[in-house]
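Structural characterization, general
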Amino acid sequence: MKEIDWSKLGFHYTEPDFIVRSAYHDGAWEEPYATKDKYLHLHVSATCLQYGQEAFEGLKAFRGVDGKIRIFRWRENAKRMARSAEGLYMQPVPEELFGKAIRLALEKNMDFLPPYGTDATLYFRPLLIGTTPRLGVGPGRDFEFIVIPSPIGPYYPGKFHCTTFVVNRHVDRAAPYGTGTFKVGGNYASSFRATEPAHAQGMDCLFLDAKYHRYIDECSAANFIGIKKSTNRYADRAQTATLTDLSTIEYLTPRSSAILPSITNDSLMTLAKDMGMKVTRRHIRLEELEEMSEAAACGTACVISPMSKVIDPENNKIYHLGDEPGPVLTKLYHALRDIQFGRAEDKHGWCDVIDD
Ligand code: PLP
Ligand code: COI
């Protein structure tokens, strides 16, 4: 076990012992292999550098209460990476190879798997890049698939607490039917001019749809979820605090062609339905935040990050959502974490359980 202060980890890179690599040349993938070398010998004209032919993923392994290791829904990440690859004219990584590479990255970096009870996890960053040298604008024929593991703690500082979000109408994350639905580096680089000023003020961004600036799209690295009830939201909070009847609660999440299909959101929607909530995916106007008792960002890195408020500076408007995580999101958060850490039955078969 490495000398790491696990409970102090944030969402930062800690150099692992090994990464895993596999190259695609002449129509075939090589067998994935582990290496200590973290540098690539890459041609300066590689399509990933020249034309942004790059896609990535994010998934986690958890040390459970029973000492077993659980890798959460990696097949969904493999499928999404294949979609991203097709979206950028890259060679999709076969699911079997993806799984093998994750397992190898785990086996070779066991010392970096945080112990149970620290709330830290081992994060895997699968990466796919185009390596063919090209000056003419177009896709390459050669690719490299890499898995970079790193132990991580919470994405936002603090364990499970509220963050302030800000709307920025001068920067769009992704266009309708553009690349927002793929997990590609360009979506993130293009958001920096909105996210960096927000982060400097301890906030994060909530992006609106790029066409009308009317509907909620998603956050910079997470989907949006809202919790709604038909009565006014203050009555709401009091009523839901007991959580006796969740059938009166609606779990809302945006429908948009510009957002990433989040695996966390998909899991939470399933759990919300299991709990008896109504789950709706539709266009959500920003002003509907007024009617929500709770709202949050959700994703692999941030799990559920409740929003305390959403600031809309152009309209001089602040939507208040509560300084503490609300009861419905808290229940969902624990339900998901309990499955991931082996404290609750994994009814949907989401975790690959590994004895070591
Ligand atoms: N949306 C964006 C833009 C993201 O970067 C992420 C993180 O991966 C998500 C949503 C959440 O997706 P997932 O739950 O699969 O991690
Ligand atoms: C994740 O949630 O896994 C992500 O990859 C989001 C972000 C850190 C890019």
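What counts and what doesn't
- Residues numbered from 1 in each chain as written.
- Chains lettered and ligands numbered in written order.
- Predicted model: local features only at pLDDT ≥ 70, side-chain atom pairs only at ≥ 80, totals over all residues.
- Heavy atoms only, no water.
- Near = heavy atom within 4 Å.
- Polar contact = N/O pair within 3.5 Å; in protein donor to acceptor, adjacent residues only side chain to side chain.
- Areas by Shrake-Rupley, 256 points an atom, 1.4 Å probe, with all protein chains shown as cover.
- Helix = DSSP H or I, 4+ residues; strand = E, 2+ residues; numbered from the N terminus.
- Nonpolar A, V, L, I, M, F, W, Y, C, P; charged D, E, K, R; others polar.
- Axes fitted to C-alpha atoms, helices over the stretch in contact; angles between N-to-C directions.
- Parallel < 35°, antiparallel > 145°, perpendicular 65-115°, else oblique.
- Contact = heavy atoms within 4.5 Å.
- Pairing = 2+ DSSP bridges.
- Core = buried A, V, L, I, M, F, W, Y, C linked by side-chain atoms within 4.5 Å.
- Buried < 20%, exposed > 50% of the residue type's maximum accessible area, 1.4 Å probe, protein only.
- Phe/Tyr/Trp six-rings, centres within 6.5 Å; stacked < 30°, edge-to-face > 60°.
- Lys NZ or Arg CZ within 6 Å of the ring centre and 35° of its normal.
- Patch = residues over 30% accessible without salt bridge, like charges linked within 9 Å, V, L, I, M, F, W, Y side chains within 5 Å.
- Salt bridge = Lys/Arg side-chain N within 4 Å of Asp/Glu carboxyl O.
- Left-handed = near helix turned anticlockwise from the far one by under 90°.

Here the focus is the site of ligand 1. By nearness alone, 16 residues border ligand 1, and Tyr 188, Glu 218, Ser 262, Thr 264 and Thr 300 come closest of all. For ligand 1, an oxygen atom lies 2.7 Å from a polar atom in the side chain of Arg 80. Between Thr 300 and ligand 1, the recorded distance is 2.6 Å, taken from a side-chain N or O atom to an oxygen atom. Coverage of ligand 1 by the protein amounts to 96% of the 380 Å² it exposes when considered alone. Counting only elements with at least two residues in the shell around ligand 1, the list comes to helix H7 (263-274) and strand S15 (292-299). The residue makeup of the shell around ligand 1, split by class, is six nonpolar, six polar and four charged.

Another point: the packing of H7 against helix H8 (residues 327-340). For the pair H7 and H8, interaxial distance at closest approach is 10 Å and the crossing angle is 110 degrees. Relative to H8, H7 is oriented roughly perpendicular. Every residue of H8 that contacts H7 at Thr 264, Ser 267, Leu 268, Leu 271 and Ala 272 is listed here: Leu 332, Ala 335, Leu 336 and Ile 339. Residues belonging to the contact of H7 with H8 are distributed by class as follows: seven nonpolar, two polar and no charged.

Quick look at the site of ligand 2 now. With respect to spatial proximity, the complete set of residues near ligand 2 consists of Phe 11, Phe 56, Gly 58, Tyr 123, Arg 125, Tyr 155, Lys 183, Tyr 188, Ala 221, Thr 300 and Ala 301. In the environment of ligand 2, an oxygen atom lies 3.4 Å from a nitrogen or oxygen atom belonging to the backbone of Thr 300. Within the backbone of Ala 301, a nitrogen or oxygen atom sits 2.8 Å from an oxygen atom of ligand 2. With the chains in place, 90% of the 280 Å² that ligand 2 exposes on its own is no longer accessible. Here the residues of the shell around ligand 2 are counted per class, giving seven nonpolar, two polar and two charged.

For the rest of this paragraph, the subject is the pairing of strand S17 (residues 317-320). For strand S16 (residues 303-312) and S17, the ladder comprises four bridges, and the chain directions are antiparallel. Bridged to Asp 312 within S17 is Lys 317.

As a further point, take the nonpolar core. By size, the foremost hydrophobic cluster in this structure holds 33 residues, and its most contacted members are Phe 98, Leu 106, Phe 124, Leu 128 and Phe 145. Contributing elements (two or more residues each) for this core: strand S1 (19-25), strand S5 (59-63), strand S6 (69-72), helix H2 (74-87), helix H3 (95-107), strand S7 (121-130) and strand S8 (143-152). Examining the composition of this core, we find that seven residues originate from one element, H3, more than from any other. Ignoring anything within four residues of it in the chain, the contact list for Leu 128 reads Trp 29, Gln 53, Glu 54, Ala 55, Met 81, Ala 85, Met 90, Gln 91, Val 93, Phe 143, Glu 144 and Phe 145. Grouped together as the second largest cluster of nonpolar side chains are 27 residues, Leu 268, Met 269, Leu 271 and Val 303 included.

With that settled, the discussion passes to the packing of aromatic side chains. A full pass over the atoms with the stated rule returns twelve aromatic pairs. Ring centres of Tyr 116 and Phe 341 lie 5.9 Å apart, and the angle between their planes is 70 degrees; on these two criteria the pair is classed as edge-to-face. Of the two residues, Tyr 116 is situated in the loop between H3 and S7 and Phe 341 in the loop between H8 and strand S18 (351-354); the sequence distance between them amounts to 225 residues. Feature note: the residues Phe 11, Tyr 123 and Tyr 155 constitute an aromatic cluster, connected by ring pairs. Above the ring of Tyr 212, the side-chain terminus of Arg 214 is found at 4.7 Å from the ring centroid.

Moving on, we get to a nonpolar patch on the surface. On the surface, a cluster of nonpolar side chains totalling about 350 Å² of accessible area is made up of Tyr 51, Leu 135 and Val 137. Within the secondary structure, Val 137 sits in the loop between S7 and S8. Take Val 137: its relative accessible area is 70%, and that puts it in the exposed class.

For the pair H2 and H3, interaxial distance at closest approach is 9 Å and the crossing angle is 125 degrees. It follows that H2 is oblique to H3 by the angle criterion. In this structure, H2 meets H3 at a crossing whose hand is right-handed. Of the residues in H3, those touching H2 at Trp 74, Arg 75, Asn 77, Ala 78, Lys 79 and Met 81 are Glu 95, Phe 98 and Gly 99. Class assignment of the residues belonging to the contact of H2 with H3 gives a composition of four nonpolar, two polar and three charged.

Okay, the environment of Lys 159 next. Summarising the element assignment, Lys 159 is placed in the loop between S8 and strand S9 (163-167). Under the relative-accessibility criterion, Lys 159 is labelled exposed at 61%. Along the primary structure Lys 159 and Tyr 123 are separated by 36 residues, whereas in three dimensions their C-alpha atoms are 17 Å apart.

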